[in-house]
Each structure stands twice: as structure tokens, then as C-alpha cells.
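Chain by chain, the residues:
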There are 2 protein chains.
Amino acid sequence: MSDLKPRPRTRIQRQNRDAILEAALEVFSAQGFRGATLDQIAAAASLSKPNVLYYFASKEAIHLALLGGLMDSWLAPLRALDPAGEPLAEILGYVRRKVEMSRDFPRESRLFANEILQGAPRMLDAIEGELKTLVDEKAAVIRAWGAAGRIAAVDPYHLIFSIWALTQHYADFDVQVRAVLGPGHDPFAEAGQFIEELFTRLLAPDARAH
Amino acid sequence: MSDLKPRPRTRIQRQNRDAILEAALEVFSAQGFRGATLDQIAAAASLSKPNVLYYFASKEAIHLALLGGLMDSWLAPLRALDPAGEPLAEILGYVRRKVEMSRDFPRESRLFANEILQGAPRMLDAIEGELKTLVDEKAAVIRAWGAAGRIAAVDPYHLIFSIWALTQHYADFDVQVRAVLGPGHDPFAEAGQFIEELFTRLLAPDARAH
DNA sequence: CCTGAGACTGACCGTATGGTCAAACATCAA
DNA sequence: TTGATGTTTGACCATACGGTCAGTCTCAGG
């Protein structure tokens, strides 16, 4: 039952697979799937093109390997939202984790964005399955918090969407943000503060829903 | 001095140019620049490939024609924000216009998103010029409103970014939003309500900045 | 009905790109 | 040293794609 997914065995295999995935992340996230070429990936990984294809069956296989690893780490911050915790602190904690992910893994965010933009041809299953399930679960928790008056009663789905939108925007539209702000700014630090304040005011339990 | 930009003269030229741009918008927004092919565009426009190239010098020229027309219509909603108006109403009006744009022109939004994701290679000038200028101008207006206590004093740049992020998210990540919500929803209608409420609570002048 | 500018097309070209393969090379246990 | 296994590569292939061109067709104005 072990070794179902045959892991790379030798040291060289592990090294080269990692180098290829790292290079592919760089290239795919910047150029999109069709925009990226095997030559670019090979060059970025300091390998020859045939050698890249020795480790991965095809360009598509590399892309799938990246996307496969992505969904889990993407869901982790939401998964960590604790139904037993203090509502506002839990949601703000989620926000902070998402801001940190955008800051620390912008390439992954852009890879994801590229995929969804093209209609998620290789991720729809994961989105309709894993992701929807988790969101449904956490949305129920947030709704209960609202019903209990512990936070303002807002639509939990759109609350989650808005957290995604705001945090990922700073990774995906990085060039635009920096171009508009000009030099001398730390977009992610400012964004973190702004977004936390935004949700604090939105969710303050004394705010009455109409 | 007239006719600097030679407009299409004949009826056929106007028709076919429009058909090509419409088809190209469809294809570019769904596939990105490199993902799109002239054959796809030609097929979508019901023209032969050489005929498409009879109207536009190259694939790039079609793309540029689309992007060129885009920036103006993209800035219009912000441009309409009136410094002499009632602050909260002005900002909520801007929000509503952006939501409507996402709802009515999702392909344009995705075309824009694709471009920025790839580092805005063909739009950086417009972003650092036109767009930054306009944002600087309106940010000053909003900052003045905050300083005067007519709305909460929040960072105007990140306020604008957050409006962009929230509204465009529903166009750009449409498939994800619909997949998570499931059937029986009108994402844009719900988003409009949610986002307006969010900014209303954020900007309520009685909310004290710390 | 002519005619010429405008509109259109099939056939073609050069290059880029994903992928293959046979052979060479490296590594290491026996 | 040797053989076996794992690794690497240059040369090559088929296709897709952006773009060209010579020539044909269309149609509005005279």
C-alpha cells in the first residue's frame, strides 16, 4: 500500500524535479500555460529540454504537478479558521494569513489566477469539490456567528470572496499597485493594515444589519 | 490636420473591423495573448485568416487596438467621481458603476487582468501615466473628504484598490464564484449589495480612525 | 455595362515549439 | 574492472502558427 505515488528515489531526481518545478512556477506564473515554453523552463532550471522531459512526461504534466500541490496550500489558511475561536479574531487571523500568502507566494497566486481566468480547465473538479466543500463548511460557521450576534450578520460567502479578492489583488496586480503608488511604499504592509481595518469595521457586532 | 487617425471609410471596413475586434476580445480574454491564435479569431469573426490580416497588420495590432480602447472606458467611472458631490454618495456611485462594468463587460475585465498578470508589457505606459494621474487626483479629493471628517479617514489609494479588487474579482474569477455558490444565484446582484454595504460601514464618518 | 479600387482567398513560407530517440555518459555496487 | 542502472544530450520530427503573396472576385460610381 505504500509507494502508491512513487516519490523520487535518488538525490539527483529530487534535486532536478524540484529545480524544474521551481523554474516552471516562475515561467508559468509570468507567462501563462500557453505563453510558457519548455525551452524557457529548461533554461530557468539549467537543464536541457530533453532532460526536463526525462523527469516529466510533458509540459502539461509539469503544469498539473504545480496545480496539484497548489490547492492544498491555498486552502490551508481557511481550514485553520477555528469554529471554537473568537469570531472576529478568527476572521482577522484568516485575513492575515491570506495577506501573508500573497506577500510570500505571489507567483503561486498568479499561477492560480491565470488558471481561473482561462476558465479553470484543469482545476474545476478541485474547485467544485474540495474548495466548495470547505467554503460551505466555514460559511456555515460564520453564518452561525452572525446569527448569534457575535459579529455583524453579513453573507458569509461574499465575505470569503471579498477576502480572496482583496488579498490576491495585491499579488496578481502587483505591477499596477506599485505603478500607481510610486516608489517608497510597502504595498503588502499597507494592504494588511487597510484590509484588517476594513473587515474590523464591517464585522463589528454593534453594526446593525438592515 | 483631420484624418490623422484614418478611420475606416467604407461600410464593409467598419463591419469587418468591428467583427474582428469583437472576436478578438472573445478569444484574447479567454486565452490570453499567446494562447489566442489568428485562426481562432478569424473563425470567430467568420473571416479567413488572410482577410483578418487585411484589416490589421498583425496579431499584436489587434491586441493593441483592443487595449487602446480599453483604458478610457476603464477610467470613466472614476473620472465621474465628483469632488463637489456628497462624499459617501460619490464613492458608492463609483462602486456601483464598477460593479456594473464587471457585470456588463466581463471579457474586457479579463483582458485587462490577463495583461496586468503578465506584467502589463503593453500597458505600463498608460498605467504609469493616465491611470496614475487620475488616481492621484481622485485620491487627493477622497483624502480631503476624510480630513474634513465627512467620511472616515482611510488611505484613499488602498480604498480605490479595494474597490478595483472587489468588483473585478467577480468578473475575473467568475467560474470560481459560480462554482462555489452553486446554481440559483445572481453573483453580481449579490456582490453589488454586499460591496456597497461594506464600504458604507467602512466610510461612515462616525467611525473613528485610531 | 464597364472599370478600377476595394475585398478576399488558396497556396505557400519560415520559424517556434512540444516531443522523440538512439546513443553517450555518469554512478555505484559487486 | 565491470556491468547495470540511472542520467544527459544532440539531432531530429511533425505540427501549429504568424505572416506573405499573387491573383481572383465584388461592387459602387460613371
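Below you will find a few notes about this structure. Note that the coordinates shown come from a computational prediction; the quantities given were computed from them, not determined experimentally. (Residues numbered from 1 in each chain as written. Chains lettered and ligands numbered in written order. Predicted model: local features only at pLDDT ≥ 70, side-chain atom pairs only at ≥ 80, totals over all residues. Heavy atoms only, no water.)

### Observations regarding the protein's contact with DNA strand C
Every one of the 18 residues lining DNA strand C counts as a neighbour, but Lys59 of chain A together with Thr10, Gln13, Asn16 and Tyr55 of chain B are closest to it. For DNA strand C, the fraction of atoms within 4 Å of the protein that belong to sugar or phosphate moieties is 61%. Here a phosphate oxygen of DNA strand C sits 2.7 Å away from a polar atom, N or O, in the side chain of Gln13 of chain B. Between DNA strand C and the protein, one listed contact pairs a phosphate oxygen with a side-chain N or O atom of Ser48 of chain B at 3.0 Å. (Near = heavy atom within 4 Å. Polar contact = N/O pair within 3.5 Å; in protein donor to acceptor, adjacent residues only side chain to side chain.)

### Details of the interface of chain B and chain A
In this assembly, 57 residues from chain B lie in contact with 57 residues from chain A. Carbon and sulfur atoms make up 68% of the area that chain B and chain A hide from each other, which totals about 4800 Å². Broken down residue by residue, the surface that chain B buries against chain A is led by Leu117, Val180 and Arg201 of chain B, which jointly contribute 16%. Joining chain B to chain A, the criterion identifies zero salt bridges. Only α1 (11-35), α6 (106-117), α7 (124-147), α8 (156-172), α9 (174-181) and α10 (187-203) of chain B provide two or more residues apiece to the side of chain B that touches chain A. Residue contributions to the side of chain B that touches chain A peak at twelve residues, all from α8 of chain B. Partitioned by chemical class, the residues of the side of chain B that touches chain A number 32 nonpolar, 14 polar and eleven charged. (Contact = heavy atoms within 4.5 Å. Buried area = accessible area lost by both parts, 1.4 Å probe. Salt bridge = Lys/Arg side-chain N within 4 Å of Asp/Glu carboxyl O. Helix = DSSP H or I, 4+ residues; strand = E, 2+ residues; numbered from the N terminus. Nonpolar A, V, L, I, M, F, W, Y, C, P; charged D, E, K, R; others polar.)

### Remarks on the protein's contact with DNA strand D
Around DNA strand D sit 19 residues, and of these Thr10, Gln13 and Tyr55 of chain A together with Leu38 and Lys59 of chain B come closest. Taking the atoms of DNA strand D that fall within 4 Å of the protein, sugar and phosphate contribute 60% of them. Here a base nitrogen of DNA strand D sits 3.0 Å away from a polar atom, N or O, in the side chain of Lys49 of chain B. In this structure, Lys59 of chain B approaches DNA strand D through a main-chain N or O atom, which is 2.7 Å from a phosphate oxygen. Mapped by element, the contributors of at least two residues to the surface near DNA strand D are α1 (11-35) and α3 (49-55) of chain A together with α3 (49-55) of chain B. When the residues that make up the surface near DNA strand D are grouped by side-chain class, the tally is eight nonpolar, seven polar and four charged.

### Looking at the relation of the copies chain B and chain A
Between chain B and chain A, the superposition needs a rotation of 180 degrees and an axial shift of 0.0 Å, giving an RMSD of 0.0 Å. On this basis, the relationship between the two copies can be described by a two-fold rotation axis. Looking at the rotation axis and the C-alpha trace of chain B, the residue lying nearest is Ala165 of chain B, at 2.7 Å. A shared interface surface links the copies, since 100% of the contact residues of chain B are contact residues in chain A too. (Least-squares fit on C-alpha atoms with pLDDT ≥ 70 in both.)

As far as function goes, none of this settles anything; it's purely spatial.
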